[in-house]
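Chains, contacts and geometry: an overview
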Amino acid sequence: MEKFLIRGGKPLYGDVNISGMKNSALPVIFGTIASGGICTIGNVPDVSDISLALDTLRAIGARVRFITTDTVLIDTTDVQMKSPPMEYVSKMRGSSYLIGAMLARFGEAQVGYPGGCDFGTRPINQHIKGFELLGAKITYGSDGNIKASAPDGLKGNFIYFDVVSVGSTINIMLAAVCAEGTTIIENAAREPHIVETASFLNACGADISGAGTSMIRIRGVKQLHGCNYDIAPDMIEAGTYMAAAVATGGRVTVNRIIPKHMESITNKFREMGVGIELGDDYVTVDSSASYRAVQIQTNPYPGFPTDMHPQFSAVLCLARGMSNVTERVWNNRFAYVKELLKMGANIDVVDENTITINGVSALEGATVRATDLRAGACLVVAGLAAQGETVITGIEFIDRGYQDFEDKLRALGADIRRI
């Protein structure tokens, strides 16, 4: 079992380049099934979730090869309508996108229930609602597969989501691109990876407008085709390096970002008194002075991202004053709190959705365990700031979403290694 060993207390300095956005790359990679042709996808992050996605495509007949270290050619011409291996789909939340992509291509799908990080119940009922409104019949097999079929073809429809859901929005976009007529999604998610998925599908010949707003219109087309497409940079990876710079009292320039995507993160750091300098495609974080406590409440984009609150919690452990962190997107996302407590943090759990953090003068190294991807990133940030040695187990979760994590941190002066 691999672990991270961190000797903390060293400020980070320098520049770091951001990789492609995992949350965009997954729907784009699975969306190549709907294209039915050859797609060349650039700026693909080298993380375990992407490797699993590409292995899944290979298992159902796609030809996949890397042209460069971050550019992959995917030919889905010969993809077959069959159930992908359960050992792959059960490890990824994003595997649910196979249902929408296969429905668009074949009019049917058979996919195991998706996995990923455990934040409590993560239902796909909004996905199912959308598929059914498009004319698909959904059944649940005893083998653990979700089966969808539309023998008469998918038909465009008006779909209102009861809650804002990134996964549901993407999945219905995927399914509806070749449906007969027009589909309108109301109360759609607005995250950058929604826009990314729509832009990729449009490059393949789809007719999607309104992505990035609460109403998306999809006019069905007869057929898609292959395309060339580059994945946008990962705002959460960028935010994580910013958090590490702040917690360690360093100065780091984060390159290859889209500043618009980062606004809720950079604004919160400014509120804390952290120095922020924004350029066209970079942000410099200067945390040479102490910073103050803030209140954080996660919300769907453009609100504060749920995937950044654990890293901010690590930072706020060292802030002046008392902070509140309220989670409004997922339940059971505070499993990392008991690990931070081992490091000397002063945190009270108010209820399942809220914690209070009283800043302390220093954290101490300890042996802690990552329970999910962003909780793992939180513990890395805390370990980099802590005095002494921190050992982090469960780093397979971290590998799901961060490319060359320890190498990039070492280049900034961190003492971190994989053991």
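Heads up: the structure comes first, above all this text.
Quick caveat: nothing in here was measured; it's all calculated off a predicted structure.

**Some remarks on the overall build of the chain**
In terms of regular secondary structure, the chain is built from 13 helices and 23 strands. Taking 2.2 N^0.38 as the reference for a compact globule, 419 residues should give roughly 22 Å; the C-alpha atoms of the chain span a radius of gyration of 21 Å, in line with that estimate. Once the C-alpha set of the chain is aligned to its principal axes, its extents read approximately 65 × 45 × 45 Å. Considering the chain as a whole, with its 419 residues, one finds that 58% of them fall into the buried category. Considering only residue pairs separated by 6 or more positions, the chain has 72% of its internal contacts joining residues 24 or more positions apart. When the accessible surface of the chain is summed, it comes to about 15,400 Å², and 47% of that surface belongs to carbon and sulfur atoms. Side-chain charges of the chain comprise 38 positive and 44 negative groups, with the mean position of each set lying 1 Å from the other.

**Looking at the sheet that holds strand E6 (residues 108-112)**
The antiparallel open sheet is built from three strands, whose spatial order is E6-E8-E7. Edge positions in the sheet fall to E6 and strand E7 (137-140), since each has one partner strand and no second. This sheet shows a mean twist of 15° between the axes of neighbouring strands, independent of strand direction. Judged from the four bridges that link them, E7 and strand E8 (residues 145-149) form a sheet pairing that is antiparallel.

**Examining the packing of aromatic side chains**
Applying the stated criterion to the full structure yields six aromatic pairs. Between Phe269 and Phe312 the ring centres are 4.4 Å apart and the planes differ by 25°, which places this aromatic pair in the stacked class. In this pair, Phe269 is assigned in helix H9 (residues 263-271) and Phe312 in helix H10 (residues 309-316), connecting sequence segments 43 residues apart. Taking 4.5 Å as the distance between ring centres and 20° as the angle between the ring planes, the aromatic pair formed by Tyr402 and Phe405 counts as stacked. The class for Tyr402 is buried, based on a relative accessible area of 3%. Put simply, the rings of Tyr241, Tyr402 and Phe405 touch in pairs and so form one group of aromatic residues.

**Considerations on the packing of helix H4 (residues 97-106) against helix H6 (residues 166-176)**
Contact geometry for H4 and H6: axes closest at 7 Å, N-to-C directions at 15°. Between H4 and H6, the angle falls in the class roughly parallel. Both H4 and H6 take part in a crossing whose hand is right-handed. Across the interface between the two elements, Tyr97, Ile99, Gly100, Ala101, Leu103 and Ala104 from H4 touch Gly167, Ile170, Asn171, Leu174 and Ala175 from H6.

**Remarks on H10**
Counting buried positions along H10 yields eight of eight residues, so the element is predominantly enclosed. Along H10, the positions that sit buried rather than exposed are His309, Pro310, Gln311, Phe312, Ser313, Ala314, Val315 and Leu316. Packed against the buried residues of H10 are helix H8 (235-248), H9, strand E17 (295-297), strand E18 (322-326), strand E20 (354-358) and helix H12 (373-385).

**Side note on the environment of Ala232**
Within the secondary structure layout, Ala232 lies in the loop between strand E13 (228-230) and H8. Excluding anything up to four places from it in sequence, Ala232 contacts Ser19, Gly20, Met21, Asn43, Glu196 and Ile258.

**Notes on the side chain of Thr253**
Mapped onto the fold, Thr253 is located in strand E14 (residues 251-255). Exposure remark for Thr253: the relative accessible area of 15% places this residue in the buried category. Of note is the side chain of Thr253, whose polar atom sits 2.8 Å from the side chain of Thr284. Apart from the residues lying within four places of it in its own chain, the contact partners of Thr253 are Gly14, Asp15, Val16, Tyr282, Val283 and Thr284.

**A word on the sheet that holds strand E1 (residues 4-7)**
Strand order in the open sheet formed by four strands is E21-E22-E1-E23, and the pairing between neighbours is mixed. Two strands bound the open sheet, and with one partner strand each, they are strand E21 (367-369) and strand E23 (415-418). Each neighbouring strand pair of the sheet contributes to a mean axis angle of 20°, computed without reference to strand direction. In terms of strand pairing, E1 meets strand E22 (residues 389-393) through four bridges, oriented antiparallel. When the sheet's bridge partners are listed, Phe4 is paired in E22 with Ile392. Where H12 meets the sheet, it contacts E1, E21, E22 and E23, and its direction lies at approximately 30° from that of E1.

**Comments concerning the pattern of salt bridges**
Evaluated as defined, the whole model comprises 21 salt bridges. The residue Asp307 makes a salt bridge to Arg333 at a minimum N-O spacing of 2.9 Å. Of the two residues, Asp307 sits in the loop between E17 and H10 while Arg333 sits in the loop between E18 and helix H11 (337-342), which places them 26 residues apart along the sequence. Taking the relative accessible area as the measure of exposure, Asp307 reaches 17% and is therefore buried. Within this structure, Glu2, Asp399, Glu406 and Arg418 form a network of salt bridges that share partners.

Each value, and the rule that gives it
- Residues numbered from 1 in each chain as written.
- Predicted model: local features only at pLDDT ≥ 70, side-chain atom pairs only at ≥ 80, totals over all residues.
- Heavy atoms only, no water.
- Helix = DSSP H or I, 4+ residues; strand = E, 2+ residues; numbered from the N terminus.
- Rg over C-alpha atoms; globule rule 2.2 N^0.38 Å.
- Buried < 20%, exposed > 50% of the residue type's maximum accessible area, 1.4 Å probe, protein only.
- Contact = heavy atoms within 4.5 Å.
- Areas by Shrake-Rupley, 256 points an atom, 1.4 Å probe, with all protein chains shown as cover.
- Lys, Arg positive; Asp, Glu negative; His and termini not counted.
- Charge placed at Lys NZ, Arg CZ, Asp CG, Glu CD.
- Pairing = 2+ DSSP bridges.
- Axes fitted to C-alpha atoms, helices over the stretch in contact; angles between N-to-C directions.
- Phe/Tyr/Trp six-rings, centres within 6.5 Å; stacked < 30°, edge-to-face > 60°.
- Parallel < 35°, antiparallel > 145°, perpendicular 65-115°, else oblique.
- Left-handed = near helix turned anticlockwise from the far one by under 90°.
- Polar contact = N/O pair within 3.5 Å; in protein donor to acceptor, adjacent residues only side chain to side chain.
- Salt bridge = Lys/Arg side-chain N within 4 Å of Asp/Glu carboxyl O.

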